[in-house]
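Remarks on the overall topology
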Amino acid sequence: QDLLPLSDGEFAKTVARLRAIGLPALSGYGFLPADLKIVGSWCGVPSVVVGLVGGWGRGRQMGVKVVVDGTRFGVVGGVRPGFSRDQARAQFRVFACRAAVEAEKHGIIVLIEPLAPASADLINTVAEGLELVEAVGHPNLQMLIEYSIVVKSKEDLAILHRAASHIRQIEI
């Protein structure tokens, strides 16, 4: 997210400096502006699409191949009173599909990361992440699993076997 607010000129300078170091930027996070709402009655679909295109474009310029964004994908604070979790999940599924389609155009894979309920409202377990990835059914939407979250949530470890074909990264 630190690179998103930069002007095009400042972004180009930053990319040049990072390339000069010689280390590839293979993965990243935070590809949407922090104030952009992706679920809820205030969600603006055109703004989300513009945000996706801009974020993925900058990711591609940096050489990013994988984007992880558990907090944004988990929609912290996204399910407000008066807006049902089912409505939020449906909007989120549409968003995730758009994100995967746009990511593919830029050669990027999006990783859904289930997070603890204190950190995210919608995707808290491997099972919930797997349900979303399978519902979207796009090869550019996959999963990152943080093992400590699986243990803390007391999920049956058999879920890792069920989700294995969609897991691209495990953090221990």
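About the thresholds
Residues numbered from 1 in each chain as written. Predicted model: local features only at pLDDT ≥ 70, side-chain atom pairs only at ≥ 80, totals over all residues. Heavy atoms only, no water. Helix = DSSP H or I, 4+ residues; strand = E, 2+ residues; numbered from the N terminus. Buried < 20%, exposed > 50% of the residue type's maximum accessible area, 1.4 Å probe, protein only. Contact = heavy atoms within 4.5 Å. Areas by Shrake-Rupley, 256 points an atom, 1.4 Å probe, with all protein chains shown as cover. Pairing = 2+ DSSP bridges. Axes fitted to C-alpha atoms, helices over the stretch in contact; angles between N-to-C directions. 1 Å grid on protein atoms, 1.4 Å probe; cavity = no way out; pocket = protein on both sides within 12 Å on 5 of 7 lines; lining within 4 Å. Points joined across faces, edges and corners; volume = space filled by probe spheres on them. Nonpolar A, V, L, I, M, F, W, Y, C, P; charged D, E, K, R; others polar. Core = buried A, V, L, I, M, F, W, Y, C linked by side-chain atoms within 4.5 Å. Right-handed = clockwise from strand over helix to strand, strands pointing away.

If you tally the helices and strands in the protein chain, you get seven helices and five strands. Across the 172 residues that make up the protein chain, the buried fraction comes to 42%. Within the protein chain, residue pairs in contact and separated by at least 24 positions form 77% of the contacts whose partners lie at least 6 positions apart. Just so you have it, the protein chain exposes about 9000 Å², and 58% of that area is on carbon and sulfur atoms.

Moving on, we come to the sheet that holds strand β2 (residues 66-68). Taken in spatial order, the five strands of this open sheet run β1-β2-β3-β4-β5, and their pairing is parallel. In this open sheet, the two strands that pair with only one neighbour each are β1 (27-28) and β5 (167-171). Sheet topology note: the strand β4 (residues 141-146)/β5 ladder contains four bridges and is parallel. Paired with Leu144 across the strands is Gln169, a residue of β5. Strands in contact with helix α5 (residues 126-136) are β3 (109-112) and β4; relative to β4, the strand with the most contacts, it is inclined by about 170 degrees.

Considering all chains together, one arrives at one cavity of 30 Å³ or more under this definition. When its volume is computed, the largest cavity comes out at roughly 70 Å³. Lining the largest cavity, in full, are Arg89, Phe92, Arg93, Ile123, Glu128, Glu131, Leu132 and Ala135. Those elements giving two or more residues to the lining of the largest cavity turn out to be α4 (85-105) and α5. No other element matches α5, which puts four residues into the lining of the largest cavity. The residue inventory of the lining of the largest cavity, partitioned by class, reads four nonpolar, no polar and four charged.

With phi around 60 degrees, Lys154 is a residue other than glycine that occupies positive phi space. Tracing the backbone shows Lys154 in the loop between α6 (147-152) and α7 (158-163).

Our focus in this paragraph is the nonpolar core. One finds Leu52, Trp56, Phe92, Phe95, Val126 and Leu141 to be the most contacted residues of the largest nonpolar core, which totals 39 residues. Secondary structure elements with two or more residues in this core: α1 (8-21), α2 (45-62), α4, β3, α5, β4 and α7. Broken down by element, this core gets its largest block of residues, seven residues, from α4.

Our next topic: the pairing of β4. Burial within β4 is extensive, with five of its six residues counted as buried. The pairing of β3 with β4 spans three bridges and is classified as parallel. For Leu111, the partnering residue across the bridge sits in β4 and is Gln142. Handedness of the crossover joining β3 and β4 through α5 is recorded here as right-handed.

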